[in-house]
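Residue-level structure breakdown
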Amino acid sequence: MPALPLDGIRVFDLTRILAGPTCTQLLGDLGADVIKIERAGAGDDTRKWGPPYVTGADGKATNESAYYLSANRNKRSISLDLAKPEGRELAKRLIAKSDLLVENFKVGDLAKFGLDYPTLAKEFPRLVYCSITGFGQTGPYAPRAGYDMLAQGLGGIMSVTGPAQGAPESRPYKVGVGIADIMTGMYAAVSILAALRHRDATGEGQHVDMALLDTQVSWLANEALNYLVSGKVPVRQGNAHPNIVPYDVFACADGFVILAIGNDGQFAKFCAFAGRPELSADPRFATNPARVANRAELTRIMNEVTGAKAQHHWVEGLAGAGVPCSPVNDIGQVFADPQVVARGMKVELPHASGVNVPLVASPIKMSKTPPSYRRAPPLCGQHTEEVLGEVLGMDKAEVAALKDKGIV
């Protein structure tokens, strides 16, 4: 196996659910040794977030949910009771051997265990410490528990997601996956890499304070700027784009097709292919600002045009004409798509239950140090003896004594 970019970096992982585990899985994919700390007998809450669950070699369902599998590969799990003084002391011994601590406890909770950043920074000044919470370490909402949907609602993305304003049954919708969690995990990983580079250059660790709400606000992107520049609050437009027309889902004879036409040249190419060249010459539609102003009329015409032909006619023909177009795939079709297959976006790893589990691959492609898939998501406490022996030099008898006391 080639050397990985984060070889030699050890992560003390106190995260659970999705945002934190997404961050540490990304670091693990890039070579970090991620030690996932879990409560004995319970572990990460998402282990129980099913069905579906992994079916073991005996044909029976395990307690390992598909949700848990989505964000926990390339980690080693140890069980550790932080409520006991011996557990906290063991944690500090492991932290002393780590470069990075990532946690997503409620603000102030780890101070009760002496595992908060101000306390640990005195003893371990080189430690990079990342906190992931709903609302951050400061501000009036800091003490609140935070979940993805709350961040989506407070952060504005739900106000522009769902059926167009005024349409029948129009109401806000969340994005179909925990996108605030996932994006926070990604931003956290980027911040951690920057903090590690600073640490290596100066010897100084630091506290990285990541919040779901901050992240959600940050990726409002053009809609945020539409408001900040104009003072007009954006509204839901269904699948339509606020700044580009036609950029929408259109009906075709046997389903739907997406057209993502980003400039006047592409619109002219579409019109020529569709046998309606006069549309691109029409002053109402010739430029993007004109098309935005006349959105309703153009959308009506476009649906008439696309509805006359089958999906494959548009997808295959417009691809050849240089016009961005695609079908609307369900998840099964995604993993059967030849481009997704060619890019290796599904992998399988041998799991402790005795079967191979399917996982979604990392999207990162690197010519020299690509991500690696070394470990399936672990069982709770699966690597306790291995980690304590390898990192702290404990023998089996010492680990057994800790297990007898309920510390690990």
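Values in this document were obtained by computation on a predicted structure and should not be read as measured data.

1. Concerning the overall build of the protein
Scanning the protein from terminus to terminus reveals 17 helices and 13 strands. Each principal axis of the C-alpha distribution contributes one length, and for the protein these read about 80 × 50 × 45 Å. Buried residues in the protein amount to 43% of all 408 residues. If you take every contact in the protein between residues at least 6 apart in sequence, the share linking residues at least 24 apart comes to 67%. Of the roughly 19,900 Å² of accessible surface on the protein, a fraction of 57% belongs to carbon and sulfur atoms. With 42 positive and 42 negative side-chain charges, the protein shows a separation of 1 Å between the mean positions of the two kinds.

2. Some points on the pattern of salt bridges
Any two side chains of opposite charge can pair, so long as their charged atoms come close to each other. One pass over the structure, following the stated rule, counts 20 salt bridges. With its nearest N and O atoms 2.9 Å apart, the salt bridge here joins Arg76 to Glu390. Residue Arg76 is located in strand β5 (residues 75-79), and its partner Glu390 is located in helix α16 (residues 384-392); the two are separated by 314 residues in the primary sequence. We note a salt bridge from Asp99 to Arg199, for which the minimum N-O separation is 3.3 Å. Of the two residues, Asp99 sits in the loop between α3 (85-96) and β6 (100-103) while Arg199 sits in helix α6 (residues 179-202), which places them 100 residues apart along the sequence. Just as Asp99 is buried, Arg199 falls in that class too.

3. Brief notes about the sheet that holds β6
Across the sheet, which stays open at both edges, the six strands sit in the order β5-β2-β1-β6-β7-β8 with parallel pairing between neighbours. Bordering the open sheet on either side are β5 and β8 (206-211), each of which pairs with just one other strand. If you compare each strand with its neighbour and ignore which way they point, the axes differ by 20° on average. Sheet topology note: the strand β7 (residues 128-133)/β8 ladder contains six bridges and is parallel. Pairing of Val128 across the sheet is with Gln206, part of β8. Contacting β6, β7 and β8, α6 crosses the sheet at an angle of about 170° to β8.

4. Section: helix α12 (residues 295-306)
Here α12 is twelve residues long and its end C-alpha atoms lie 16 Å apart, about the 16 Å a rise of 1.5 Å per residue gives. Taken residue by residue, α12 has Arg295, Leu298, Ile301, Met302, Val305 and Thr306 as its buried positions. Each buried residue of α12 sits inside an arc of 135° when the element is viewed along its axis, so together they form one side.

5. Some details on the sheet that holds strand β11 (residues 325-326)
Strands sit in the order β9-β10-β11 across an open sheet of three strands; the sheet is antiparallel. Every other strand in the sheet has two partners, leaving β9 (247-252) and β11 as the edge strands with one partner each. The sheet contact formed by β9 and strand β10 (residues 255-260) spans six bridges and is antiparallel. Within the sheet, the bridge partner assigned to Tyr247 lies in β10 and is Ala260.

6. So, the packing of aromatic side chains
We describe a pair of aromatic rings using the distance from one ring centre to the other and the angle between the two ring planes. Under the counting rule described, the total for this entry stands at five aromatic pairs. Ring centres 5.6 Å apart and planes at 65° place the aromatic pair Tyr117 and Tyr129 in the edge-to-face group. In this pair, Tyr117 sits in helix α4 (residues 117-123) while Tyr129 sits in strand β7, placing the two residues twelve residues apart along the sequence. For the pair shown, Tyr117 and Tyr129 are each scored as buried. When the ring of Phe273 is compared with that of Trp314, the centres are 5.9 Å apart and the planes differ by 65°; the resulting orientation is edge-to-face. Residue Phe273 is found in helix α9 (residues 264-273), and its partner Trp314 is found in helix α13 (residues 311-321); the two are separated by 41 residues along the sequence. Aromatic ring contacts, followed pair by pair, group Phe270, Phe273 and Trp314 into a single cluster. Over the aromatic face of Tyr141 sits the side chain of Arg144, whose NZ or CZ is 4.0 Å from the ring centroid.

About the criteria used
- Residue indices follow the written sequence of each chain, beginning from 1 at its first position.
- The predicted nature of this model means local features are confined to residues of pLDDT at least 70 and side-chain atom pairs, given and counted, to a pLDDT of 80 or more, with totals for whole chains, interfaces and linings taken over all residues.
- Computation of side-chain values covers all heavy atoms of the structure but excludes hydrogens and water.
- Working definition: helices are DSSP H or I runs of at least four residues, strands are E runs of at least two. Numbering for both runs from the N terminus.
- Throughout, exposure labels follow a simple rule: accessible area from a 1.4 Å probe, protein chains only, divided by the maximum for the residue type, with under 20% read as buried, over 50% as exposed, and the rest as partly exposed.
- We call two residues in contact whenever any of their non-hydrogen atoms come within 4.5 Å of each other.
- For accessible areas, the Shrake-Rupley method is used with a probe of radius 1.4 Å. Any residue's cover is judged against the shown protein chains and nothing else.
- Positive charges come from Lys and Arg alone, negative charges from Asp and Glu alone, with His and the N- and C-terminal ends not counted.
- Charged groups are reduced to one reference atom each: NZ for lysine, CZ for arginine, CG for aspartic acid, CD for glutamic acid.
- Here, a salt bridge means any side-chain nitrogen of Lys or Arg that lies within 4 Å of a carboxyl oxygen of Asp or Glu.
- Any two strands are treated as partners once DSSP identifies two or more bridges connecting them.
- In this analysis an axis means a line fitted to C-alpha atoms, helices contributing only their contacting stretch, and an angle means the value between N-to-C directions, from 0 to 180 degrees.
- Any helix carries an expected span of 1.5 Å times its number of residues minus one.
- Each C-beta atom gives one direction from the helix axis, and the arc is the one those directions make.
- Two rings from Phe, Tyr or Trp (for Trp, the six-membered ring) form a pair when their centres are within 6.5 Å of each other. A pair whose planes differ by under 30 degrees is stacked, one over 60 is edge-to-face, and the rest are tilted.
- Either the NZ atom of lysine or the CZ atom of arginine qualifies as a charge over a ring when it sits within 6 Å of the ring centre and within 35 degrees of the ring normal.

Note that every value here comes from positions in space, so none of it alone points to a role or purpose.
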